[in-house]
Amino acid sequence: MRIAYLSIGRHLHTERWIQYFARHGHECHLLTVQPGPIEGVQVHDIRTSAPGKPLRYWLSLRKVRSILKGLKPDLLHTHFLTGYGYWGHFSRFLPNILTVWGDDVYLTPHENALKGWLARRALRSASALTGDSVDILQHCIALGAAPEKCYEIQWGVDFSVFSSERVSRVREELGIPGKAPVVFSPRSFTQAYYNIDLIVDAVASLQKERPTVHVIFAGYEGDQSPFRALAERAGLTRQAHFVGRIPHEDFADYLVASDVFVSVPSVDATAVSLLEAMACGCAIVVSSLASSLEWIRAGENGLVVPPRDEGALVGALRKLLDDAALRARFGKLCAKEVRQRADHELNMQWMLRLYEHYTKDRPLPPELRSIEERGLS
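Presented here is an overview of the structure given in this document.

By the element assignment, H44 lies in strand 3 (residues 41-45). In this structure H44 comes out as buried when scored by relative accessible area, which is 13%. Once you skip the residues sitting within four places of it in the chain, H44 turns out to touch H29, L30, L31, T32, I67 and L71.

This is how it looks when you write it as structure tokens:
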């Protein structure tokens, strides 16, 4: 199958998704404004130079149409509603499957009337729509997506890499004593809604009563220097470790080296790092977002706090760091849950079946039901 992708380039989500299909013998092309080499994939640069964003978007659309006309792919798969979703819609290429990511649904369509109109057009015209949580798909439906075309597909976890059995030397490399409690925050520094400042303040408060606590920040994107400065002002100079972007193949080492995984954004879909932390048997604290609550049940397999409640976050961290048995119980339950629902290989197989349904009219497997068929619309 020849598949054209419209997506954010130089991004782990894009690379993992496309490379799966390239490795399995499909001819894969990526059209992007962030070009960079991806093994087994032909990357097409759709950037243009022109004064003003509207003109650049229009000229890039012309490049998209021209490339698709020349490639004649069996399928267009557009990732990310904002920008790329607009190009996918106005390319008029069908079938076009659209995968939404997070703030492209939760935030951008509500910023102004034009962005809302563009989002609704793209969602309505897609042949099918996939997202990694029921919640984000329900938000898409509220914007006009057809529930019978909406499917939950996970980015998924590679369980050969993400496992509690993995041996890690991260503590030794960072100079963290073997029995010192460690909190791990891997969310990016790019957006205020990830609430990294709140985690700094919470750990600083906790450190006053537990001087040995350490925290590791590993933002995938963005400038960490403002948060490093905040940590220094809060007295966490020696206990806060800013390690930058971790290669994905090393990410599990940081998870198994930590006592508590924390992710408390104000807006989010299903974070892949959350699923990977579950696979490694981490004790987890998340914010009370609908997408997170599809995985973490408060008091059953993790702890849940309001997104901007420092006191609640301090309390949750304290509870987990003080109770090794609770951490172990939560971790075991999380590992079992994620293995049942978020296997990368299985979810990509389902995606292939969706591709074949729209290109070869093959029936979908019974496990792959739309939001409407599941009675969740």
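Attention shifts here to helix 3 (residues 81-91). Each full turn of the α-helix corresponds to 3.6 residues, which orients residues three or four apart in the same direction. Counting buried residues in helix 3 gives ten out of eleven residues, a clear majority hidden from the surface. Taken together, the buried positions of helix 3 are occupied by L81, T82, G83, Y84, G85, Y86, W87, G88, H89 and S91.

Turning to the sheet that holds strand 12 (residues 283-287), a few remarks are in order. With parallel pairing, the six strands of this open sheet are ordered in space as 10-9-8-11-12-13. Lying at the two open borders of the sheet, with one neighbouring strand each, are strand 10 (240-242) and strand 13 (303-305). Taking each pair of neighbouring strands and ignoring which way they run, the sheet shows an average axis angle of 20°. Pairing analysis gives three bridges linking strand 12 to strand 13, with the strands arranged parallel. In the sheet register, S287 faces strand 13, and the bridge partner there is V305.

This brings us to the pairing of strand 12. Among the five residues that make up strand 12, five are buried, leaving the element largely enclosed by the rest of the structure. Side-chain alternation along strand 12 places A283, V285 and S287 on one buried face and I284 and V286 on a second face that is also buried. Of the strand pairs in this sheet, strand 11 (residues 260-263) and strand 12 are connected by four bridges, and their pairing is parallel. Considered in strand 12, the bridge of V262 is made with V285. For the crossover from strand 11 across helix 11 (residues 272-279) to strand 12, the handedness is right-handed.

Let's shift gears to unusual backbone geometry. In this model, L94 is joined to P95 through a cis peptide bond whose omega is 0°. At R92, a residue that is not glycine, the phi angle is positive and equals roughly 65°. Checked against the element boundaries, R92 lands in the loop between helix 3 and strand 5 (96-99). Phi angles above zero are rare outside glycine, and D361 is one such case at about 60°.

So, on to the packing of helix 1 (residues 12-23) against helix 15 (residues 344-360). Interaxial distance between helix 1 and helix 15 falls to 11 Å at its minimum, and their mutual angle equals 70°. By the criterion of interaxial angle, the relationship of helix 1 to helix 15 is roughly perpendicular. Considering only the axes of helix 1 and helix 15, their crossing is right-handed. On the side of helix 1, the interface is formed by R16, W17, Y20 and F21, while helix 15 contributes H344, E345, M348, Q349, M351, L352 and Y355. Across the contact of helix 1 with helix 15, the residue classes tally to seven nonpolar, two polar and two charged.

Ranked by internal contacts, the top residues of the largest apolar core, which has 57 residues, are V100, L123, L129, V285, L313 and L317. Not counting chain neighbours up to four residues away, the residues in contact with L129 comprise L98, V100, L123, L137, C140, A145, K149, C150 and Y151. W17, A22, L31 and I67 belong to the second-largest nonpolar core, a separate cluster that totals 40 residues.

Thresholds applied
Residues numbered from 1 in each chain as written. Predicted model: local features only at pLDDT ≥ 70, side-chain atom pairs only at ≥ 80, totals over all residues. Heavy atoms only, no water. Helix = DSSP H or I, 4+ residues; strand = E, 2+ residues; numbered from the N terminus. Buried < 20%, exposed > 50% of the residue type's maximum accessible area, 1.4 Å probe, protein only. Contact = heavy atoms within 4.5 Å. Pairing = 2+ DSSP bridges. Axes fitted to C-alpha atoms, helices over the stretch in contact; angles between N-to-C directions. Right-handed = clockwise from strand over helix to strand, strands pointing away. Parallel < 35°, antiparallel > 145°, perpendicular 65-115°, else oblique. Left-handed = near helix turned anticlockwise from the far one by under 90°. Nonpolar A, V, L, I, M, F, W, Y, C, P; charged D, E, K, R; others polar. Core = buried A, V, L, I, M, F, W, Y, C linked by side-chain atoms within 4.5 Å.

What is shown is where atoms sit, not what they do.
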